[in-house]
Amino acid sequence: MNCVSLITDFGTRDEYTGVMKGVILTINPMARIVDITHGISPQDILAAAYTIEAAWRYFPKGTIHMVVVDPGVGTRRAVIAAEKSGHRFLAPDNGVLSLLIKDGLDRAVRVENPAYFLNPVSQTFHGRDIFAPAAGHLSLGLPLESLGPDLNPKDMARLAVQDDPFITPDGILTGQVISVDRFGNLLTNISYEKLQDIWPGRDEKFLEIRVNTWIIQGLSSSYAEAASENLLAIIGSRGYLEIAVNRGNAQKMLKTGKGGEVKIGLAGKLNELEA
Amino acid sequence: MNCVSLITDFGTRDEYTGVMKGVILTINPMARIVDITHGISPQDILAAAYTIEAAWRYFPKGTIHMVVVDPGVGTRRAVIAAEKSGHRFLAPDNGVLSLLIKDGLDRAVRVENPAYFLNPVSQTFHGRDIFAPAAGHLSLGLPLESLGPDLNPKDMARLAVQDDPFITPDGILTGQVISVDRFGNLLTNISYEKLQDIWPGRDEKFLEIRVNTWIIQGLSSSYAEAASENLLAIIGSRGYLEIAVNRGNAQKMLKTGKGGEVKIGLAGKLNELEA
Amino acid sequence: MNCVSLITDFGTRDEYTGVMKGVILTINPMARIVDITHGISPQDILAAAYTIEAAWRYFPKGTIHMVVVDPGVGTRRAVIAAEKSGHRFLAPDNGVLSLLIKDGLDRAVRVENPAYFLNPVSQTFHGRDIFAPAAGHLSLGLPLESLGPDLNPKDMARLAVQDDPFITPDGILTGQVISVDRFGNLLTNISYEKLQDIWPGRDEKFLEIRVNTWIIQGLSSSYAEAASENLLAIIGSRGYLEIAVNRGNAQKMLKTGKGGEVKIGLAGKLNELEA
């Protein structure tokens, strides 16, 4: 297996991603390189963390996932190679693997062995000089430990979790919009599991979801269950709550976006709160 | 042959297209996946219909073409697998294959066999859960009929054709701009064949093409045949009439775009009409 | 080796790049096609020239690099196939290979043999009809000379060089911004070698770099060496001077962009000039 996936904030206008692919293919001409996205907003580590978490399971076992969102390039931050369920990950030690660490990594090493880097290593483009050659060698079967010494996942950087959804004593769950997809769907950080915490044993139609002044009653099971141009809430493809408009754009309709607050309660609870 | 092409309205900012590729490669690690575009405007079925029609012939025989522009995801709309001239197509039954049906499909089936889907199937992302795994299996040689029961192409959804170009009794051909490409070229729905209906046996220089208040005399045989920054009409690479500006942008110059009207007549006819 | 790289100004919204890939794979199903970028601004030959120069070395020997930025498509401008250090290049004869010619091409031919083109050849899309099939055949091992007669690189079109950086008698080096990358970094045409011409044997901290009214003291060795949101100058991954803002956007901060002037002198020199 020789699949390499890529998540970066490089965009596709410059030569940066193509150059990384050239480096990988120079080392392993049989590598199969798949773009997950290069459209992470510059230096948005949290967005990249959610993206790799949403994507990695769908790739073949043995895939090497490169996550290069790396504002600290050229500083002393470590580069990490990690393993989980037969997949391997290459990323800067800046929190971009936070969600994978939470679930448990099988092992990790610090990538320090220059035998597997380009020479010289620049101070501005480790994607080309360190990540890509390391990925090329891993895809040829190089064992993780050849890249450098073991690292305890507990010592890896993690994103602060003040943004996790929380439930207040009145039973209201508050989360936030993590990203907005191309359709204008608002992707939240509220997982299906979290949602069940506030309605164990109840029907989903008794939930109310509020974004700004809009209130949505219950969850839909498809976008088209709502009338055209109507607002709905649904468990999206990542397994998280999503706010959408059937054949429309929720971001435009609700005039909110990344960071926007989403409150959820059992029917009637949100209004009580208001009063 | 194991080529899979992709047309979607997913954009490239989110993980959606990467995830579909991961699913395909998990089933067939040798698949060669080619993006045709992920830049179809959200839910623009007509644009996708023109795109697949413009592209499929240039791929190797045996290619599986996935067209996932699917506002009805999660509803009871069928998923279709079709065959034409040795190529295979996977698409929702929403009209996106209209232009291929018009020319004649060799056969079609309803994709219903869950043995070839991911499990579970979500209600929001059939690209990942149905289309991609079906494509992966087809690329391994799975016969079409394994996916589900035969479907008569006559029973498939087609886009309304009120937008087809038409000729009025005065000999004026009226069509419209179907899309605007990255260069600002206006791509119309007027095929070269249609154009010949109004000037059989005549010289192309006697044609007049009107967009808004601009009139173009005759067809050019290359962009550079017009002076720099000058307007021209040409048969584009899709075989349809295109309005362009040499080293410029026709959309900006003509202040028109998708849906804009284009009128064509023999020299003098358009002015008569005006008078 | 069967790697094909692509640089175009086609964007990714239209089917154009996918169609070229289909043509290549029809001829060589084993070709490995890598996008360097399709985001060159329409008809920006200079940007493409810098991009191919920045990228080609990082690909495997034997790679065929297609550079299709071709405002003269359909005119009598030649199509060129060239060779340099074991890499091959296909491009219109419009100056897009200027920087490679400067360094010395090993050989070049005019691509004229219709046996290796699609038939018919359109007047609007040589990327599909000439470049892609020629690349497919080269990737199968076709020798360069089969495509057409020898061409002396001295007879190839080159971009005017009035934009090269220059040093005035007062020791001030003036260059310009060639492009702005996705991070807002200003990429200049001032190479590290050129920079050394004005400070032989001196310390880099004595250099001053001016863009608009901003003055930067010395070169940084990493983005993060500057404080957050602070301006810096650095030798970027292309080996050229780059103006950046640590965790910020230099283009927005300096309100400049492509074509903007950059002046460099030893400490004190720029102010003298002002006075």
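Keep in mind the model is a prediction, meaning the values are calculated, not measured. Each residue is numbered by its place in its chain's sequence as written, counting from 1. Each chain takes a letter, starting from A, and each ligand takes a number, starting from 1, following the order in which they are written. Reporting in this predicted model follows two pLDDT cut-offs: at least 70 for local features of residues, and 80 or more for side-chain atom pairs to be given and counted; totals over whole chains, interfaces and linings ignore these cut-offs and use all residues. Just so you know, side-chain values use all the structure's heavy atoms and leave hydrogens and water out.

K.L.:
Could you give me a rundown of the relation of the copies chain A and chain B, with the residues and numbers involved?
P.N.:
In the superposition of chain A on chain B (RMSD 0.0 Å, axial shift 0.0 Å), the rotation amounts to 120 degrees. Interpreted geometrically, this transformation is the action of a three-fold axis. Relative to the rotation axis, the closest C-alpha in chain A is found at Arg32 of chain A, a distance of 5.1 Å. Residue by residue, only 9% of the interface of chain A is reproduced at the interface of chain B, so the copies engage with different surfaces. Superposition of the copies used a least-squares fit over C-alpha atoms from residues whose pLDDT is at least 70 in both. Should any heavy atoms of two residues lie within 4.5 Å, those residues are considered in contact.

K.L.:
Go over the side chain of Arg88 of chain C, please, and point to the residues and values.
P.N.:
Residues and elements named next belong to chain C. Following the sequence through the fold, Arg88 ends up in strand β5 (residues 87-92). Throughout, exposure labels follow a simple rule: accessible area from a 1.4 Å probe, protein chains only, divided by the maximum for the residue type, with under 20% read as buried, over 50% as exposed, and the rest as partly exposed. When charges are tallied, Lys and Arg are placed among the positive residues and Asp and Glu among the negative ones, while His and the ends of the chain are skipped. A pairing counts as a salt bridge when a side-chain nitrogen of Lys or Arg comes within 4 Å of a carboxyl oxygen of Asp or Glu. Buried within the structure, Arg88 lacks any salt-bridge partner; its nearest side chain of opposite charge belongs to Glu83, at an N-O separation of 4.9 Å. Arg88 has contacts with Gly62, Thr63, Ile64, His65, Ala82, Glu83, Leu138, Leu142 and Leu144, leaving out every residue within four places of it along the chain. Comment: elements are numbered from the N terminus, with helices defined as DSSP H or I runs of at least four residues and strands as E runs of at least two.

K.L.:
Account for the packing of helix α1 (residues 16-27) of chain C against helix α4 (residues 126-139) of chain C, naming residues and giving values.
P.N.:
Residue and element names in this part refer to chain C. Where α1 contacts α4, the axes come no closer than 8 Å and their chain directions differ by 35 degrees. Where α1 crosses over α4, the two elements pack in a sense that is right-handed. Along the contact surface, α1 presents Val19, Met20, Val23, Ile24 and Ile27, while α4 presents Gly127, Arg128, Ala132, Pro133, Gly136 and His137. Between N-to-C directions, angles cover 0 to 180 degrees, with each direction set by a line fitted to C-alpha atoms, over the stretch in contact for helices. In this scheme, a crossing is called left-handed if the near helix is turned counterclockwise away from the far one by less than a right angle; it is called right-handed if the turn is clockwise.

K.L.:
Go over the layout of surface pockets, please, and point to the residues and values.
P.N.:
Cavities and pockets are defined on a 1 Å grid built over the protein atoms alone: a cavity is a set of grid points where a 1.4 Å probe fits but cannot escape, while a pocket is an open set with protein on both sides within 12 Å along at least five of seven lines, and lining residues are those with an atom within 4 Å of any such point. Grid points are joined across faces, edges and corners, and a volume is the space filled by probe spheres set on the points. Taken as a whole, the largest pocket holds about 1400 Å³ of empty space. Residue lining of the largest pocket: 47 residues in total, with Asp35 of chain A, Lys21 and Asp35 of chain B together with Lys21 and Asp35 of chain C positioned closest to the centre. Of all elements in the fold, only α1 (16-27) and β2 (32-37) of chain A, α1 (16-27) and β2 (32-37) of chain B together with α1 and β2 (32-37) of chain C reach the threshold of two or more residues within the lining of the largest pocket. Split into classes, the residues belonging to the lining of the largest pocket amount to 15 nonpolar, 17 polar and 15 charged. The volume enclosed by the second largest pocket comes to roughly 920 Å³. Polarity classes work like this: nonpolar for Ala, Val, Leu, Ile, Met, Phe, Trp, Tyr, Cys and Pro, charged for Asp, Glu, Lys and Arg, and polar for all others, with Gly in that last group.

K.L.:
Describe the interface of chain A and chain B, and please don't skip the residues or the numbers.
P.N.:
Counting from both sides, the interface comprises 32 residues of chain A and, opposite them, 36 residues of chain B. Buried surface at the junction of chain A and chain B, both sides included, amounts to about 2700 Å², of which 55% is carbon and sulfur. The largest per-residue losses of area from chain A upon contact with chain B belong to Arg32, Tyr58 and Arg182 of chain A, which jointly make up 29% of the total buried on that side. Inspection of the chain A/chain B interface yields 1 salt bridge. A salt bridge links Arg238 of chain A to Glu15 of chain B; the nearest nitrogen and oxygen atoms lie 2.7 Å apart. Throughout this description, a polar contact denotes any pair of N or O atoms lying within 3.5 Å of each other; where both atoms belong to protein, one of them has to be capable of donating a hydrogen while the other can accept it, and for residues adjacent in sequence the pair is counted only when both atoms sit in side chains. Where chain A meets chain B, there are 19 residue pairs in polar contact (both at pLDDT 80 or more). Contributions of two or more residues to the side of chain A that touches chain B are made by β2, α2 (45-55) and β12 (231-235) of chain A. No other element matches the 5 residues that β2 of chain A contributes to the side of chain A that touches chain B. Here the residues of the side of chain A that touches chain B are counted per class, giving 16 nonpolar, 10 polar and 6 charged. Two parts lose some accessible area (1.4 Å probe) when they are put together, and adding that loss for both gives the buried area.

K.L.:
Please provide a residue-by-residue account of the pattern of salt bridges, values included.
P.N.:
Residues and elements named next belong to chain C. The final tally for this structure, using the stated rule, is 33 salt bridges over all chains. Its salt-bridge partner being Glu145, residue Arg107 comes within 3.2 Å of it at the nearest N-O pair. Within this pair, whereas Arg107 is found in strand β6 (residues 107-110), its partner Glu145 is found in the loop between α4 and β7 (166-167), the two being separated by 38 residues in sequence. Residue class for Glu145 comes out partly exposed when judged on its relative accessible area of 45%.

K.L.:
Requested: an account of the interface of chain B and chain C, with residues and values cited.
P.N.:
The interface of chain B with chain C comprises 32 residues on the first partner and 36 residues on the second. When the buried area of chain B at its contact with chain C is split by residue, Arg32, Tyr58 and Arg182 of chain B rank highest and sum to 29% of it. Scanning the region where chain B abuts chain C turns up 1 salt bridge. Connecting chain B to chain C are 19 residue pairs in polar contact (both at pLDDT 80 or more). The set of elements that each furnish at least two residues to the side of chain B that touches chain C consists of β2, α2 (45-55) and β12 (231-235) of chain B. The element that contributes the greatest number of residues to the side of chain B that touches chain C is β2 of chain B, accounting for 5 residues. Partitioned by chemical class, the residues of the side of chain B that touches chain C number 16 nonpolar, 10 polar and 6 charged.

K.L.:
Which residues make up the relation of the copies chain B and chain C, and what values do they have?
P.N.:
Mapping chain B onto chain C calls for a rotation angle of 120 degrees and an axial translation of 0.0 Å; the resulting RMSD is 0.0 Å. A low fraction, 9%, of the interface residues of chain B reappear at the interface in chain C, so the copies pair through non-equivalent surfaces.

K.L.:
So what's going on with helix α4 (residues 126-139) of chain A? Which residues, and what values?
P.N.:
All names here are of chain A. To estimate how far a helix should reach, multiply one less than its number of residues by 1.5 Å. In a regular helix each residue adds 1.5 Å, so 14 residues correspond to 20 Å; α4 covers 18 Å between its end C-alpha atoms and thus fits that length. The bend reported for a residue corresponds to the angle between axes fitted to the seven residues ending at that residue and the seven starting there. The sharpest bend along α4 reaches about 30 degrees and sits at Ala132, with the proline Pro133 one to four residues further on. Buried residues dominate α4, accounting for 13 of its 14 residues. A positive phi of about 110 degrees marks Gly141, the residue just after α4.

K.L.:
Summarise the nonpolar core; cite the residues concerned and give the values.
P.N.:
As a rule of thumb, nonpolar side chains are buried together in soluble globular proteins. Residues belong to one nonpolar core when they are buried, are Ala, Val, Leu, Ile, Met, Phe, Trp, Tyr or Cys, and are joined through side-chain atoms within 4.5 Å. If you look at the biggest cluster of nonpolar residues, it comprises 59 residues, and the most contacted ones within it are Val67, Leu97 and Met156 of chain A together with Met66, Leu90, Val111 and Leu147 of chain B. Tallying contributions element by element places α1 of chain B first for this core, with 7 residues.

K.L.:
Describe the confidence of the model for chain A, and please don't skip the residues or the numbers.
P.N.:
How sure the predictor is of each residue is captured by pLDDT, a score from 0 to 100. The pLDDT averaged across chain A works out to 92; a share of 96% of its residues lies at or above 70. Interface predicted TM-score (ipTM) for the complex: 0.93; the corresponding pTM is 0.94.

K.L.:
Can you lay out the packing of aromatic side chains for me, pointing to particular residues and giving the numbers?
P.N.:
Residues and elements named next belong to chain A. For Phe, Tyr and Trp, where Trp contributes only its six-membered ring, two rings pair if their centres lie within 6.5 Å, and the inter-plane angle classes them as stacked under 30 degrees, edge-to-face over 60, or tilted in between. Within this structure, the stated rule accounts for 18 aromatic pairs over all chains. Measuring from ring centre to ring centre gives 6.1 Å for Phe10 and Tyr16, while their planes differ by 80 degrees; the resulting arrangement is edge-to-face. Both residues of the pair, Phe10 and Tyr16, belong to the buried class. Centre to centre, the rings of Tyr50 and Tyr240 are 6.2 Å apart; their planes meet at 80 degrees, and the pair counts as edge-to-face. Within this pair, whereas Tyr50 is found in helix α2, its partner Tyr240 is found in strand β13 (residues 240-245), the two being separated by 190 residues in sequence. Judged by its relative accessible area of 9%, Tyr50 falls in the buried class.

K.L.:
If you had to explain the pairing of strand β14 (residues 261-266) of chain A to someone new, which residues and values would you point to?
P.N.:
Residues and elements named next belong to chain A. The buried count for β14 comes to 5 of 6 residues, which makes it a mostly enclosed element. For strand β10 (residues 207-211) and β14, the ladder comprises 5 bridges, and the chain directions are antiparallel. Bridge pairing in β14 links Ile209 to Ile264. By the convention used here, strands pair only if DSSP detects at least 2 bridges between them.

K.L.:
Before we move on, could you go through the pairing of strand β1 (residues 3-8) of chain C and cite the residues and values that matter?
P.N.:
Residues and elements named next belong to chain C. Of all the 6 residues making up β1, 6 are buried; the element is thus mostly covered by neighbouring parts of the structure. Of the two faces of β1, the one holding Cys3, Ser5 and Ile7 and the one holding Val4, Leu6 and Thr8 are both buried throughout. Bridge count between β1 and β2: 5 bridges; the pairing is parallel. The residue of β2 that forms the bridge with Cys3 is Arg32. The parallel pair β1 and β2, bridged by α1, forms a crossover whose chirality is right-handed. Across 5 bridges, β1 lies against strand β3 (residues 64-68) in parallel orientation. Within the sheet, the bridge partner assigned to Thr8 lies in β3 and is Val68. Handedness is read with the strands pointing away from the viewer; a crossover is right-handed when the path from the first strand over the helix to the second is clockwise.

K.L.:
Requested: an account of the sheet that holds strand β5 (residues 87-92) of chain B, with residues and values cited.
P.N.:
In any sheet, the strands associate via hydrogen bonds between backbone groups, in a parallel or an antiparallel arrangement. Residues and elements named next belong to chain B. A sheet is described by the order of its strands in space; here 6 strands give the open sequence β2-β1-β3-β5-β4-β6, paired in mixed fashion. The open sheet has two free edges, formed respectively by β2 and β6 (107-110), since each of these has just one partner strand. The sheet shows a mean angle of 20 degrees between the axes of neighbouring strands, direction not considered. Against the sheet, helix α4 (residues 126-139) makes contact with β1 (3-8), β3 (64-68), β4 (79-84) and β5, and its axis sits at roughly 170 degrees relative to β3, the strand it touches most.

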